[in-house]
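# Understanding the architecture of this molecule
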Amino acid sequence: MNAVLEVKDIGIDFGGVRAVDEVSFEIRPGQIFSIIGPNGAGKTTMFNLISGVYTPSRGAVKLAGEDVTGLPPHRLARLGLSRTFQNLQVYFRMTAVENVMVGRHIHEHVGITAQLFNLPSVRAQNRASRQKAMELLDFVGLADKADEPAGSLPYGALKRLEIARSLALGPKLLLLDEPAAGCNAVETEEIDGLIQEIAKSGVTVALVEHDMRLVMKISDRILVLDYGRKLIEGTATEVRNDPEVIAAYLGAHGQTEAARADH
Amino acid sequence: MAFLKGKYGVLLAIAIIVLILPVAFPSNYYFRIATLVWISALAVIGLNLLMGYAGQVSLGHAGFFGMGAYAVAVGPTHLGIPPVASALLGAASAGLLAFVVGRPILKLRGHYLAVATLGMGILVAMVLNNEAQWTGGPDGMPVSRLVLFGFKVKGPVMWYWITAGFLFVGAWLALNLVDSPLGRALRALHDSETAARVGGIDVARHKLIVFVISAVYAAVAGSLLAFFDGLVTPNTAGFLHSIQLVTMVVLGGMGSILGSLVGAAVLVTLPQALTVFHDYEHLMLGLMMMLFMIFLRRGIVPTLRDRIAGRVQ
Ligand SMILES: Nc1ncnc2c1ncn2[C@@H]1O[C@H](COP(=O)(O)OP(=O)(O)O)[C@@H](O)[C@H]1O
Ligand SMILES: [Mg+2]
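To keep things clear, this report deals only with the structure shown in the data block. (Residues numbered from 1 in each chain as written. Chains lettered and ligands numbered in written order. Predicted model: local features only at pLDDT ≥ 70, side-chain atom pairs only at ≥ 80, totals over all residues. Heavy atoms only, no water.)

## Some words on the interface of chain B and chain A
Convention followed: Whether two residues touch is decided by their heavy atoms; if any such pair falls within 4.5 Å, the residues are in contact. Simply put, the buried area is the total loss of 1.4 Å probe accessible area from both parts when two parts are fitted together. A pair is scored as a salt bridge if a Lys or Arg side-chain nitrogen falls within 4 Å of a carboxyl oxygen belonging to Asp or Glu.
Contacts between chain B and chain A engage 28 residues on the former and 32 residues on the latter. The contact between chain B and chain A buries some 2,600 Å² in all, and 62% of this surface belongs to carbon and sulfur atoms. Taken as a group, Arg184, Asp191 and Val198 of chain B account for 26% of the area that chain B buries against chain A, more than any other trio of residues on that side. Taken together, the connections running from chain B to chain A amount to three salt bridges.

Right under this line is the structure:
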């Protein structure tokens, strides 16, 4: 089967810094593909390159076989790419359910005049978007917060709200950038569960996550970045046993963590 | 006052205000002031869609207002176009200008966008000032009375009801928009352009759409004022008027349709009420505006609504 995502020799510079340098990889349908690496390794930058937020200086990105290098984010969204943000990008002045309804944007087809006059087609569209959004809020456990302003929700809830919103787009490929960062153990557990359910539902997932135990447990493939470069890509076992990874990234602490995850 | 939050609550509030006020009005003078409020409020609702909902500032909206006003002056006088058709042409021209200049300038943000829209407004005012053979130059020009179906539209009372009708419809359309896919997209890009983009929203296109819509609101309001006053002057398109419109949006409440009406009402009526202070009139006006902003920072309607709902600021 064709790769969902194909990244070829991609790179971007900020001033003199090569934030991502000559990285290539493929994500196959249905996989959970994790990207790990120390802070500043270029993981978020990689997501920004894939989702069109940054235009790569070098290299190419293919979605389902189609070259999409340099396409703006809103075009990529229509090709089935969705993501969350490490630093929350919530619509704080809108309610929780409205946040998710915005995620339905590419599925909303009503004319401007119809919207000004609130024609029946628009009312039907609003109902449909709201219903879908409610299902997703229910999925992430926020159904009871639907009509509260997003700005009044606690941090952990906002992380889940972003997941619901990103799913509303109906993605083929979902990029999750540290979905559990800053969450406590219980919240992290909940988000782990969500990720696995999303993957089970057939959505291909690219995950950036610091919790090594989680990454080792649920990833089909793992890409290790270091200073913007690809250190290794492989299965959890391959990555865990790679001497370069152990030396450069996991270190003594990581080794014990990884070993523990084995059992 | 929680009912003021829903769409129909806001429309009901406007309807009640419009229907009840005349009972208390002792003279035509009050109808005149109220008419000016309705006209300003219409322009302010449009500007609020742009500023309060989509988060894009315009310091040149009086330019669009002026285009609407001059259209109903110039069209019938110089081109033989019927008044109502002239008004429609004015609205279309303002929309077209917004579409053309909006493309490049809406790429700008914050202060840069403010300066660019300011420039656009000044340009329109300059053209109206300089093309004296068409516009009467700095003195302005008269507008012939509106005649509909052989019936002369005149007098503050009649205009009170006409402009109130426009205000009501303008508020209804705006409220519809806010709760539609387009309105949600606008509010979203206000809070996070990146998230909106990644969510499939063509941000540039959406900013352009709301800019055009708000320009049309301003132009229609301008046409109404010209018909009502029977006179247009370049001041309607001037910088000071643009600032007044922005002040009305902020004073009444960004992202509040009812706030647009309240902001317009305050800024139109306060100078009238403050004339009792004679020489200190402007001083008092400036002082009151500062106090409003200090104590009702998010605008009169949103702040009061939250206070009354019992939420502590
Ligand atoms: N917009 C930008 N401008 C300048 N430098 C950037 C920008 N985005 C990322 N970088 C730099 O690129 C490197 C990788 O950052 P990032 O991708 O956020 O790392 P990670 O997500 O792996 O922690 C860092 O050195 C960071 O400072
Ligand atoms: Mg990061």
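## Structural notes on empty space enclosed by the protein
Heads up, the rule is: We place a 1 Å grid over just the protein atoms. Points where a 1.4 Å probe fits but has no way out form a cavity, open points with protein on both sides within 12 Å along at least 5 of 7 lines form a pocket, and any residue with an atom within 4 Å of a point lines it. Grid points are joined across faces, edges and corners, and a volume is the space filled by probe spheres set on the points. The helix count covers DSSP runs of H or I at least four residues long, the strand count covers runs of E at least two residues long, and both are numbered beginning at the N terminus. Each residue gets one of three labels, nonpolar for Ala, Val, Leu, Ile, Met, Phe, Trp, Tyr, Cys and Pro, charged for Asp, Glu, Lys and Arg, and polar for the others, Gly among them.
What the rule picks out here adds up to one cavity of 30 Å³ or more. As for the largest cavity, its lining consists of Ser82, Arg83, Phe85, Tyr91, Val102, Gly103, Arg165, Ser166 and Leu169 of chain A together with Ala195, Val198 and Gly199 of chain B. Mapped by element, the contributors of at least two residues to the lining of the largest cavity are strand S6 (81-83) and helix H6 (155-168) of chain A together with helix H9 (193-198) of chain B. The residue makeup of the lining of the largest cavity, split by class, is six nonpolar, four polar and two charged.

## A closer look at the sheet that holds strand S7 (residues 173-177) of chain A
All names here are of chain A. Rules: Whether two strands pair depends on DSSP finding at least two bridges between them. Only the stretch in contact is used when a helix axis is fitted, and all axes are lines through C-alpha atoms; the angle between N-to-C directions ranges over 0 to 180 degrees.
Pairing in this open sheet of six strands is mixed, and the strands run S6-S7-S8-S3-S9-S10 from one edge to the other. The open sheet has two edge strands, S6 and strand S10 (229-234), and neither has a second partner. Across this sheet, the average inter-strand angle for adjacent strands is 15 degrees, counted without regard to direction. Pairing geometry for strand S3 (residues 32-36) and strand S9 (residues 221-226), over four bridges, is parallel. Note that in S9 the partner of Ile35 across the bridge is Leu223. On the sheet, H6 packs against S6 and S7 and is oriented at approximately 165 degrees with respect to S7. Relative to strand S8 (residues 204-208), helix H7 (residues 185-200) is tilted by about 150 degrees, and along the sheet it contacts S3, S7 and S8.

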